[in-house]
Amino acid sequence: MVWRIDKQYKHAQRYREITEILIKNGLGYLLDRFNLRPYQKLKRVIHRKKPVLPTDEAERLRKALEELGPTFIKFGQMLSTRYDILPSSYITELSKLQDEVPSFDYQIAIREIQQELQTPPEQIYKHIEEKPLAAASIGQVHRATLTTGEEVIIKIKRPGIENTINTDLEILLSLAHFAEKYMLEIRRYNPVGFIEEFSRTLRNECDYIKEARTAETFKKDFEDRQEIIIPTIYTKYTTRSILTMEYIKGTKITETTILRKNNINLKQVAEKLSNAYFKQIFEKQYYHADPHPGNILVTGDGNIAFIDFGIAGRLDREILNNISSLLIALIQHDINKYIEILIEMEFLDEDRINTSLRFEILDLIDTYYETSIKHIDTTELLEDLISLLTRYNGRIPANIMLLSKTLSLLEEIGRKLDPAYNFAELAEPYIKRLIKQKTQPKAIAKNTIETLTQTAGTLHKAPARIDKILKRIERGTLKIEFEDKGIEQVTTELGTSTNRLAVSIIISALIIGSSMFIQKDMQPQIYGVTLIGMVGFLIAGILAFGLAINILQSGKI
């Protein structure tokens, strides 16, 4: 439905902006792929100027996304986590996307605070610094002091940003529906599901109440760990568009020169950060998923402070159990078990298992066979597995990709702090505990009972399900769906050609019919010419002009 609405030019102006920026950055071929030619300006169609561009396509894509604005910058950042979709050169380039934009006026910030909190700012804040600490595409941050004396920061959402984001998300979803329907090579990546997941993430990031709740969850999780600092949220002064949070004084975790000058033990900082993440992932299954250096500070006494909670990753116990099962199969060199778990996790379809895939999985297992857990780099193992699955059209859930990217960034920060940083060794106690939980008699008994219960439930429901199928066969209402691969593009092209041919026939009929009416010398007349004949010629002219523009914009003359 959304796609149909978009085709009726609901967001025509924004579509035109997108097409212009794509063409400007040498990505005009995407207009044909996504059927965007109708939104191209006639002026550009006629002149067809070719701009001088960087030769690297990945760089051109990054620049186009930056020019397209906040939604597309965030989209590019999310794509940079998906090395199952894009080549490494694109991943590297998209990782450079910067969410930094000019700040908006201080008076606008004050106005937004008053509108949101329904109170004059001076009654809440003793002082608000005019110059923002930082400005990003969704909002900006000002340092302030409450009338009660506490030092805080205020995150203020950009006015009107949600309308812009919602428009762009609708357009992206429209393009995803188009890709899923007509682009077979993209369909296997579930573009609609990908954009829906991205939309949820971005809309959550726009809601400061949700960010506040996430921060409060983390604060509760780390209330017994003094070395991890989570700022206090002032919920009384927080809305969807305003977030008031305790100000934490510290240094960006990657500014190692300053940290050394302050006599901070960088090795201990790396260990504290890693242990904080392992606790989140393995114990809470809920973790800070944006370990950008600007979001993590080191305080004067060497403790870790998280200051941004816009993106959080979530795992469930079943995923962790399956990951531990994969590790057990890896250590035991059990390729059949390894493949069975991949199928159970729906990473692979059973009918895709072939000799070539089995050999590649065996190579992967051989790499880690008889290796101590403390030498198994979980980040590298995940990346190897994702790379293998990608080559064989496997499916990797978004939460696994986010986990992989988070661990990769964590390791990158760890190595910057300490060249001898060993991710695997630090993770060893947590992984051992995970495997132990999986192999304990109590856990095995629990899994056995669950399996028997599920089996009993399936057997109990089987007669009713079979009866339902038989009744539908009897009524003739049983539907069997099948997919005709490779015909969609042909159907689209044929439909377009047929429509143009139909319009051409109508134009020809109008011209012939109008000529006949003019020759009959019928009334009424204007300047001695039959009115109905003139109207016919006018309609034919308008249709012919429209057809010509459509053909020019399609780029296929």
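Calculation rules
The residue count restarts for each chain, going from 1 along the sequence in the order it is written. Where local features are concerned, this predicted model is filtered to residues with pLDDT of at least 70; where side-chain atom pairs are given and counted, the filter is 80 or more; whole-chain, interface and lining totals use all residues. Hydrogens and water are ignored here; the side-chain numbers use all heavy atoms of the structure. Runs of H or I in DSSP of at least four residues are treated as helices and runs of E of at least two as strands, each being numbered from the N terminus. We call a residue buried when its accessible area falls under 20% of the maximum for its residue type, exposed when it is over 50%, and partly exposed in between, using a 1.4 Å probe and counting protein chains only. In what follows, residue pairs with any heavy atoms lying within 4.5 Å of each other are defined as contacts. In this description, accessible areas are obtained by the Shrake-Rupley approach with a 1.4 Å probe, and a residue is regarded as covered only by the protein chains that are shown. Per-residue confidence from the prediction method is given by pLDDT, with values spanning 0 to 100. Every helix has an expected span of 1.5 Å times one less than the residues it contains. By definition, two strands form a pair when at least two bridges between them are found by DSSP. The rule for a salt bridge is simple: a side-chain nitrogen of Lys or Arg has to be within 4 Å of a carboxyl oxygen of Asp or Glu. When we speak of the arc, we mean the arc of directions from the helix axis to the C-beta atoms. What qualifies as a polar contact is a pair of N or O atoms within 3.5 Å, subject to a donor-acceptor requirement within protein and to the restriction that residues adjacent in sequence count only when both atoms come from side chains.

1. Let's talk about the overall build of the protein chain
In step 1: When you go through the protein chain residue by residue, the secondary structure sums to 23 helices and 13 strands.
In step 2: By the burial criterion, 43% of the 557 residues in the protein chain qualify as buried.
In step 3: Taking the contacts inside the protein chain whose residues are at least 6 apart along the sequence as the reference set, 66% of them involve residues at least 24 apart.
In step 4: When the accessible surface of the protein chain is split by element, carbon and sulfur atoms take 54% of a total near 30,700 Å².

2. Topic: the confidence of the model for the protein chain
When pLDDT is low, close inspection of the predicted coordinates is not appropriate.
In step 1: When pLDDT is averaged along the protein chain, the result is 81, and 80% of the positions lie at 70 or above.
In step 2: Of the regions scoring below 50 in pLDDT, residues 1-8 engages in 14 contacts with residues more than four places distant in sequence or in other chains.

3. Observations concerning helix α19 (residues 398-417)
The α-helix advances 3.6 residues per turn, and as a result positions three or four apart in sequence lie on the same side.
In step 1: Taking 1.5 Å as the rise per residue, α19 with 20 residues should run 28 Å; its terminal C-alpha atoms sit 29 Å apart, in good agreement.
In step 2: If you check which residues of α19 are buried, you get I400, M401, L403, S404, K405, T406, L407, L410, E411, I413, G414 and L417.

4. What to know about the sheet that holds strand β7 (residues 251-252)
In step 1: Read across the sheet, four strands follow the order β5-β10-β9-β7 without closing on themselves; strand pairing throughout is mixed. At either end of the open sheet lies a strand with only one pairing partner, and these are β5 (228-229) and β7.
In step 2: The pairing of strand β9 (residues 296-298) with strand β10 (residues 304-306) spans three bridges and is classified as antiparallel. Along β10, the bridge assignment pairs L297 with A305.

5. Some thoughts on the pattern of salt bridges
Side chains that differ in sign of charge can pair as their charged atoms come close.
In step 1: All told, the structure shown has 26 salt bridges when counted by the stated rule.
In step 2: For E93, the salt bridge goes to K96, with nearest N and O atoms at 3.4 Å.
In step 3: Among the residues examined, E93 registers a relative accessible area of 7% and is labelled buried.
In step 4: Between K279 and E283 there is a salt bridge, with its nearest N and O atoms 3.5 Å apart.

6. Re helix α8 (residues 106-117)
In step 1: Across its twelve residues, α8 extends 17 Å between first and last C-alpha, which sits within 8% of the 16 Å expected from 1.5 Å per residue.
In step 2: Among all positions of α8, only Y106, A109, I110, E112, I113 and L117 are buried. One face of α8 carries all of its buried residues, which in axial projection span an arc of 160°.
In step 3: At its buried positions, α8 is contacted by β1 (125-128), β3 (139-146), β4 (151-157) and β6 (242-246).
In step 4: Sitting at the head of α8, D105 places a side-chain oxygen 3.0 Å from the backbone nitrogen of Q107.
In step 5: Q118 occupies a position one or two residues after α8 and carries a positive phi of about 55°.

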